[in-house]
Amino acid sequence: MRIGLLINPLAGLGGSRAMKGSDGDALRALASTMSTAEVQRSQDRAMRALQVIAKLPRLTVSTWGGAMGETVCRQLEITAEVLGEPAEAPSSAVDTRLAAAALRDAEVDVLVFAGGDGTARDIYDVVGESLPVLGIPAGVKMHSGVFAVSPEATGELLLHLGKGGLVGLRNQEVRDIDEEAFRHDVVRSRFYGEMQVPGEGRFLQQTKVGGRESQELVAAEIAAWMAEELAPDVTYLIGPGSTTAAIMAELGLDNTLLGVDAVRNNALLGSDLSEQGILELLACESEPARIVVTAIGGQGHIIGRGNQQFTPAVIRRVGVENVIVVAAKSKITALQGRPLLVDSNDPILDKALCGYREVITGYDDRILYLVATYEEGPKQ
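Residues numbered from 1 in each chain as written. Predicted model: local features only at pLDDT ≥ 70, side-chain atom pairs only at ≥ 80, totals over all residues. Heavy atoms only, no water.

A. Here's a closer look at the overall build of the protein. When its secondary structure is counted, the protein shows 14 helices and 18 strands. In the protein, buried positions account for 56% of the 380 residues. Considering only contacts within the protein whose residues lie at least 6 apart along the sequence, 66% involve residues at least 24 apart. By element, 49% of the accessible surface of the protein is carried by carbon and sulfur atoms, the whole surface being about 16,600 Å². (Helix = DSSP H or I, 4+ residues; strand = E, 2+ residues; numbered from the N terminus. Buried < 20%, exposed > 50% of the residue type's maximum accessible area, 1.4 Å probe, protein only. Contact = heavy atoms within 4.5 Å. Areas by Shrake-Rupley, 256 points an atom, 1.4 Å probe, with all protein chains shown as cover.)

B. Geometry of unusual backbone geometry. The phi torsion at Arg58 lies on the positive side, around 60 degrees, for a residue other than glycine. Structurally, Arg58 can be placed in the loop between α3 (41-50) and β2 (60-63). Given a relative accessible area of 45%, Arg58 falls into the partly exposed group. For Asn265, which is not a glycine, the phi torsion comes out positive at approximately 55 degrees.

C. Structural view of the packing of helix α9 (residues 215-229) against helix α10 (residues 242-251). Running from N to C, α9 and α10 point in directions that differ by 55 degrees, and their axes come no closer than 8 Å. The orientation of α9 relative to α10 falls into the category oblique. Considering only the axes of α9 and α10, their crossing is right-handed. Each of Ala219, Ile222, Ala223, Ala224, Met226 and Ala227 in α9 lies in contact with α10, whose residues at this interface are Thr243, Ala246, Ile247, Glu250 and Leu251. (Axes fitted to C-alpha atoms, helices over the stretch in contact; angles between N-to-C directions. Parallel < 35°, antiparallel > 145°, perpendicular 65-115°, else oblique. Left-handed = near helix turned anticlockwise from the far one by under 90°.)

D. Here's a closer look at the sheet that holds strand β5 (residues 133-137). Reading across the sheet, the five strands line up as β3-β2-β1-β4-β5 and stay open at both edges, with parallel pairing between neighbours. The sheet is open, and its two edges are formed by β3 (80-82) and β5, each paired on a single side. Averaged over all neighbouring strand pairs, the angle between strand axes comes to 25 degrees, with direction disregarded. In terms of strand pairing, strand β4 (residues 110-115) meets β5 through five bridges, oriented parallel. Within β5, the residue paired with Ala114 across the bridge is Ile136. Contacting β1 (2-7), β4 and β5, helix α6 (residues 117-127) runs over the sheet at an angle of about 150 degrees to β4. (Pairing = 2+ DSSP bridges.)

E. Here's a closer look at the confidence of the model for the protein. Looking at the protein as a whole, the pLDDT averages 84, with 83% of positions reaching at least 70. Here strand β8 (residues 208-209) stands out as the element of the protein with the lowest mean pLDDT, 34, in contrast to strand β15 (residues 323-326), whose mean of 97 is the highest. A low-confidence stretch, residues 201-211 stays under pLDDT 50, and its non-local contacts, those more than four residues away or across chains, total 23 contacts. Every residue in residues 376-380 scores below 50 in pLDDT, and together they form 13 contacts with partners more than four places removed in sequence or on other chains. (pLDDT = per-residue confidence, 0-100.)

F. Just the side chain of Thr311, in detail. Along the polypeptide, Thr311 turns up in the loop between β14 (301-303) and α12 (312-318). Engagement of the side chain of Thr311 in a polar contact is seen with the side chain of Glu275, the distance being 2.9 Å. (Polar contact = N/O pair within 3.5 Å; in protein donor to acceptor, adjacent residues only side chain to side chain.)

G. Focus on the side chain of Gln196. Along the chain, Gln196 falls in strand β7 (residues 189-200). On the basis of relative accessible area, Gln196 is assigned to the buried category, the value being 10%. Among the polar contacts made by the side chain of Gln196, one reaches the main-chain carbonyl oxygen of Glu129 at a distance of 2.5 Å. Apart from the residues within four sequence positions on either side, Gln196 is in contact with Glu129, Ser130, Leu131, Pro132, Val133, Leu169, Arg170, Asn171, Glu358 and Arg366.

H. A look at the environment of Thr256. Tracing the backbone through its elements, the reader meets Thr256 in the loop between α10 and β11 (261-264). Through-space distance from the C-alpha of Thr256 to that of Ala245 is 7.6 Å; in sequence the pair is 11 residues apart. Setting aside residues no more than four positions away along its own chain, Thr256 makes contact with Asp261, Ser271 and Asp272. A polar contact of 3.4 Å, which involves the side chain of Thr256, links it to the backbone nitrogen of Asp272.

I. View of the pairing of strand β17 (residues 355-362). Buried residues dominate β17, accounting for seven of its eight residues. Bridging between β15 and β17 involves two bridges; their strand directions are parallel. Of the residues in β17, the one forming a bridge with Val325 is Val359.

J. Molecular detail of the nonpolar core. In terms of nonpolar packing, the biggest core is built from 55 residues, with Leu6, Leu111, Ile123 and Val127 touching the most fellow members. Ranked by residue count, the leading element in this core is β4, at five residues. Residues in contact with Leu6, not counting those within four places in the same chain, are Met68, Thr96, Ala99, Ala100, Leu103, Leu111, Val112, Phe113, Ala114 and Ile123. If you look at the next biggest cluster of nonpolar residues, it comprises 33 residues, including Ala289, Val293, Val318 and Tyr369. (Core = buried A, V, L, I, M, F, W, Y, C linked by side-chain atoms within 4.5 Å.)

Spelled out as structure tokens, the structure:
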């Protein structure tokens, strides 16, 4: 698991001074006069979160220099890749945005940040919904839904994720209050957007049948959601499997249960396609394409077992980022913490497919789960 760590050293400093927040130059000017306990508040809270996972095997951390992450990693004896340094001390919102961009470009699995609504807003401006984020609550204002309930809760959630547990993935609001108006007793909250946030999933929340998950009902829910979400003028390559077959049934199209079918704008473009057939189809189309795969029960393979039509050439043509994984939570649970597997016969491509990926597990229901090769799977 590769975590991106970003700490706003000024987060929360305005709280004890009744400043209603930590934004603005006034707080920055006061920072040099504050006690050590005050100025280390966000770092201390980040340390409380990260000490839970400090000894987690196969943990990699990328961060920013000094008080923005490096210092905490050093104190916890976590080996970290430092991608850059703040341009000034104390750091500013510009530094936060630069760090967020670097962590995004480093392709971390989760961007973990310590701060408040202002920090969340700065990160949103840079990463949007491009990767999962998780906030360690350290600010004065935390009206956004991107924060865990406590630093320890952040650590426990990351530990659960690192051990292969089911962790839901949902869009949560980023909000911020106008501090100047708030200082005059005027509450003026603004919605900025949404970010992807991992949160502990509620297993069987919609498809509970006799205490067990019904594969048929789950497949139907996944199919209904996918049918609604298919983008116009995009070619979807639907892989083999009963879950993906349910998507074709929802669309009212003929399906090759053990083959690959192509769909665009709810119309069937090709059935039981080979690698050559897929590449020829895509060569004739200027529109983007996406691959839809599911996991093999018990094994956990999503690439390389029963869907070898999705060769390295096909996957590279479509793009690694355009591989959509759908699976019932019961299939994921049956893996007992083992990762989903890829075996494309191209080690370089397999490496690119690895990491924590979104898995669609129901109607508007997603989790974040590890994809790996045999060699990269977590030790049991």
